[in-house]
Amino acid sequence: MSPRRVTLADVAKIAGVSPTTASLVLSGRGRELRISQDVEQRVLKAAAELQYRPNIVSVGLRTGTTRTIGFVSDTVATSRLAGDMIKGALEAARERGFMLFIGETEGDAELERLLLQAMHDRQVDGIILASMYTRTIKVPKGMAAAPAVLLNALPKQPSALPSVIPDEIEAGRVAARALLDAGHREGIHLIGAGPGRRNVPAGGSVAAVERLIGIREVLAEAGVKLAGGHVCADWQPEYGLAVTRELLKKERPQALICFNDRVALGAYQALDDFGLKVPADVSVVSFDDHPIAAWMRPQLTTVALPHYELGRKAVDVLFTEIGRDRDGDGAEGAAGKSSGGESNGGEGAVHRVPMPIRLRESVASRDA
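Residues numbered from 1 in each chain as written. Predicted model: local features only at pLDDT ≥ 70, side-chain atom pairs only at ≥ 80, totals over all residues. Heavy atoms only, no water.

Remarks on the overall build of the protein
Piece 1. Helix and strand content of the protein: 12 helices and 13 strands.
Piece 2. When burial is assessed residue by residue, the protein has 48% of its 368 residues classed as buried.
Piece 3. When contacts within the protein are restricted to residue pairs at least 6 apart in sequence, those whose partners lie at least 24 apart make up 68%.
Piece 4. Counting only carbon and sulfur atoms, one obtains 50% of the accessible surface of the protein, whose full area is about 18300 Å². (Helix = DSSP H or I, 4+ residues; strand = E, 2+ residues; numbered from the N terminus. Buried < 20%, exposed > 50% of the residue type's maximum accessible area, 1.4 Å probe, protein only. Contact = heavy atoms within 4.5 Å. Areas by Shrake-Rupley, 256 points an atom, 1.4 Å probe, with all protein chains shown as cover.)

Some points on the nonpolar core
Piece 1. Leu 256, Ile 257 and Val 284 are the most contacted members of the largest nonpolar core, which has 47 residues in total.
Piece 2. Elements with a contribution of two residues or more to this core: α7 (168-181), β6 (188-192), α8 (206-221), α9 (237-250), β8 (255-258), α10 (261-273) and β9 (283-288).
Piece 3. Setting aside chain neighbours within four positions, we find Val 284 in contact with Leu 256, Cys 258, Ala 264, Tyr 268, Leu 271, Val 278, Leu 300, Thr 301, Ser 362 and Val 363.
Piece 4. Core analysis: the next-biggest nonpolar cluster, separate from the first, contains 24 residues, Ala 89, Ala 92, Ala 93 and Leu 100 among them. (Core = buried A, V, L, I, M, F, W, Y, C linked by side-chain atoms within 4.5 Å.)

What to know about the confidence of the model for the protein
Piece 1. Per-residue confidence for the protein averages 87 on the pLDDT scale, and 89% of its residues sit at or above 70.
Piece 2. In the model, residues 331-346 has pLDDT below 50 throughout and makes 37 contacts with residues more than four positions away in sequence or in other chains. (pLDDT = per-residue confidence, 0-100.)

Quick look at the sheet that holds β8
Piece 1. The 6 strands lie next to each other as β7-β6-β8-β9-β10-β13, forming an open sheet whose pairing is mixed. On the outer flanks of this sheet lie β7 (228-231) and β13 (357-358), each paired with one strand and no other.
Piece 2. Bridge analysis of β8 against β9 gives 3 bridges, and the strand direction is parallel. Bridging across to β9, Leu 256 finds its partner in Val 284.
Piece 3. Along the sheet, α9 contacts β6, β7 and β8; its crossing angle with β6, the most-contacted strand, is approximately 150°. (Pairing = 2+ DSSP bridges. Axes fitted to C-alpha atoms, helices over the stretch in contact; angles between N-to-C directions.)

A look at the pairing of strand β1 (residues 68-73)
Taken residue by residue, a regular strand's side chains alternate between the two faces of the sheet.
Piece 1. Burial within β1 is extensive, with 6 of its 6 residues counted as buried.
Piece 2. Residues Thr 68, Gly 70 and Val 72 of β1 are buried on one face, and the alternating residues Ile 69, Phe 71 and Ser 73, pointing to the opposite face, are buried as well.
Piece 3. Relative to strand β3 (residues 126-137), β1 runs parallel, the two being bridged by 5 bridges. Note that in β3 the partner of Phe 71 across the bridge is Ile 128.

Next up, the structure:
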């Protein structure tokens, strides 16, 4: 039989005070209501000796908060990389004394509806709706039942919900600058998307479009023209291998910007098949900082997806929304604002998290 939970009445009895006095002391209001220091010390000592823990449900009913956050995702929890978003969110929530309830939909809209409903039924203080990769989503009905934030996602239709996403536009700029800084001015090819903004894999990709915007912007400012762009149907090694082989049959590039590290892995293989060395013959820069980037030889220079920081930022933004909701301003108070980047059509704020570059061995300096 489990031991009986220690109650506030037990603490009050040991301390020789009323339950009301014990409650005021343990809630930190003793001094405010002029409860003597002697009484306060007796209550605190009794609570420590009994290992008293407040009843969270009762506290929630009294304060209007359950100190919980719902985290609903598609496949983030089971993804090795994107799982760091949960780690970041967990740590940021824990630092505030909150717990995270995690649910995964595997892309099932009905399961998503039921999970969100379950979170609301448990009266979570707020919800983070997360995606494994950056994309546009249809915001589920009923999301406004509690303060909410979209993580790694943008709304398809106008919405007052704030979004937290990687700063893919700046990431594209950073990748292009890495080549320019190394003296590359000609023969730069894109592997995975491009050369135009509409030349992206079927279904559209926020990352592809925004990385292209950043790359094209920096190269244009430097007066450098792209030598070519090659769309991959999917950003997997076999597609990077195939399109790079086709490119090498026609010409020898000076540098490649691959749209993720898996594509770069395929490009490395194609270059090797043609007897070309990275970076002596061809420099390569990529995106994501997948674990394979550090294992490839030579190690791959890549612009990292900040999964952990995304998770932390989502909790930070959510607490702003929770505070605004309690103040009575509602989520609409954030409309039209942005942090670190573009706004989303004058609607909910879009918070862009920086993507740092990991400088390794795949970019060589080229004589002017």
